[in-house]
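Summary of structural features
One-letter residues, chain by chain:
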Amino acid sequence: MPESYDTAMRRLRSMEKKLSKNDNLKREYCEQINNLLKNGYAEPAPNQSTSERLWYLPHFAVTHPQKKKVRLVFDAAARTNGKCLNDALLTGPDLIRSLLGVLVRFRQGRVAVSADIKEMFLRVKIRKEDRDLTIPVAK
């Protein structure tokens with residue numbers, strides 16, 4: 001993977017500029033970062049990494065138009081020299097094809113149940129030796 005630090009830092013400076021213009025967004029963004037640390041979904045990165053496998057992961061804020069809730073997005077599609085983290089990750093099964101089957105089976109029984117797992121993606125554990133590949137950039 002190419003060196004991604006400069007690209008990620010440019011994105012961070014752009015995000016900081018956006019946050020400096022909106023105190024409410026900045027407060028909510030900081031709350032989201034603190035929530036990641038408090039719940040153990042993230043950990044402070046060391047100043048120096050000893051790993052040869054390293055990728056700086058840009059992040060940005062998205063606000064839901066109806067809910068007005070700020071959500072952090074970690075941009076694994078951000079490209080540096082034509083490469084992105086998504087290019088190096090294994091892809092899962094194509095779940096879109098099976099969606100029609102799910103909808104048809106959903107109507108088979110008398111009762112249907114649906115659920116949403118809060119912060120599900122954040123609960124996925126990353127092996128210690130792979131964590132340097134998903135370093136969100138922050139000052």
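Everything below is about the structure printed above this text.
The rules behind each value
- Residues numbered from 1 in each chain as written.
- Predicted model: local features only at pLDDT ≥ 70, side-chain atom pairs only at ≥ 80, totals over all residues.
- Heavy atoms only, no water.
- Helix = DSSP H or I, 4+ residues; strand = E, 2+ residues; numbered from the N terminus.
- Rg over C-alpha atoms; globule rule 2.2 N^0.38 Å.
- Buried < 20%, exposed > 50% of the residue type's maximum accessible area, 1.4 Å probe, protein only.
- Areas by Shrake-Rupley, 256 points an atom, 1.4 Å probe, with all protein chains shown as cover.
- Pairing = 2+ DSSP bridges.
- Salt bridge = Lys/Arg side-chain N within 4 Å of Asp/Glu carboxyl O.
- Expected span 1.5 Å × (residues − 1).
- Contact = heavy atoms within 4.5 Å.
- Patch = residues over 30% accessible without salt bridge, like charges linked within 9 Å, V, L, I, M, F, W, Y side chains within 5 Å.
- Lys, Arg positive; Asp, Glu negative; His and termini not counted.
- Charge placed at Lys NZ, Arg CZ, Asp CG, Glu CD.
- Phe/Tyr/Trp six-rings, centres within 6.5 Å; stacked < 30°, edge-to-face > 60°.
- Polar contact = N/O pair within 3.5 Å; in protein donor to acceptor, adjacent residues only side chain to side chain.

1. Quick look at the overall build of the protein
Looking only at helices and strands, one finds 4 helices and 4 strands in the protein. Walking the protein from its N terminus toward its C terminus, one meets helices and strands in the order α-α-β-β-β-α-α-β. Compactness check: the protein gives a C-alpha radius of gyration of 18 Å against a globular reference of 14 Å for 139 residues, more than 25% above the reference. By principal-axis analysis of the C-alpha atoms, the protein measures approximately 55 × 35 × 30 Å. The proportion of buried residues among the 139 residues of the protein is 24%. Counting every atom, the protein has about 11300 Å² of accessible surface; 54% of that belongs to carbon and sulfur.

2. Side note on the pairing of strand β3 (residues 70–74)
Relative to β3, strand β2 (residues 59–63) runs antiparallel, the two sharing 5 bridges. Within β3, the residue paired with His59 across the bridge is Phe74. Hairpin geometry of β2 and β3 is characterised by an intervening segment of 6 residues between the two adjacent antiparallel strands and by a positive phi of about 60° at Lys68.

3. So, the pattern of salt bridges
What the rule picks out here adds up to 3 salt bridges. For Arg11, the salt bridge goes to Asp75, with nearest N and O atoms at 2.9 Å. Remark: Asp75 occurs in the loop between β3 and α3 (85–88) and Arg11 occurs in helix α1 (residues 5–20); sequence separation between them is 64 residues. Across the pair Glu31 and Arg27 runs a salt bridge whose closest N-O atoms are separated by 2.9 Å. In this pair, Glu31 and Arg27 are both assigned in helix α2 (residues 23–38), 4 residues apart and thus about one turn of the helix distant.

4. As for α1
When the terminal C-alpha atoms of α1 are compared, their 22 Å separation across 16 residues agrees well with the 22 Å that a helix rising 1.5 Å per residue should span. Among all positions in α1, only Thr7, Ala8, Met9, Leu12, Met15 and Leu19 are buried. Contacts from the buried residues of α1 go to α2, β1 (56–57) and β2.

5. Points about a positive patch on the surface
A cluster of basic residues, Lys38, Lys67, Lys69, Lys118 and Arg123, forms a positive patch on the protein surface. Position of Lys38 relative to the elements: it lies in helix α2.

6. A look at the packing of aromatic side chains
Taken as a whole and assessed by the stated rule, the structure comprises 1 aromatic pair. Residues Tyr5 and Tyr56 carry aromatic rings whose centres are separated by 5.0 Å and whose planes lie at 80° to one another, so their mutual orientation is edge-to-face. Here Tyr56 lies in strand β1 and Tyr5 lies in helix α1, a separation of 51 residues in the sequence. Looking at Tyr5, the relative accessible area reads 36%, which means it is partly exposed.

7. Looking at the side chain of Thr80
Secondary-structure assignment places Thr80 in the loop between β3 and α3. Looking at Thr80, its side chain comes within polar contact range of the side chain of Thr7, at 3.2 Å. If near-sequence neighbours (up to four positions away) are discounted, Thr80 is found in contact with Pro2, Glu3, Ser4, Thr7 and Trp55.

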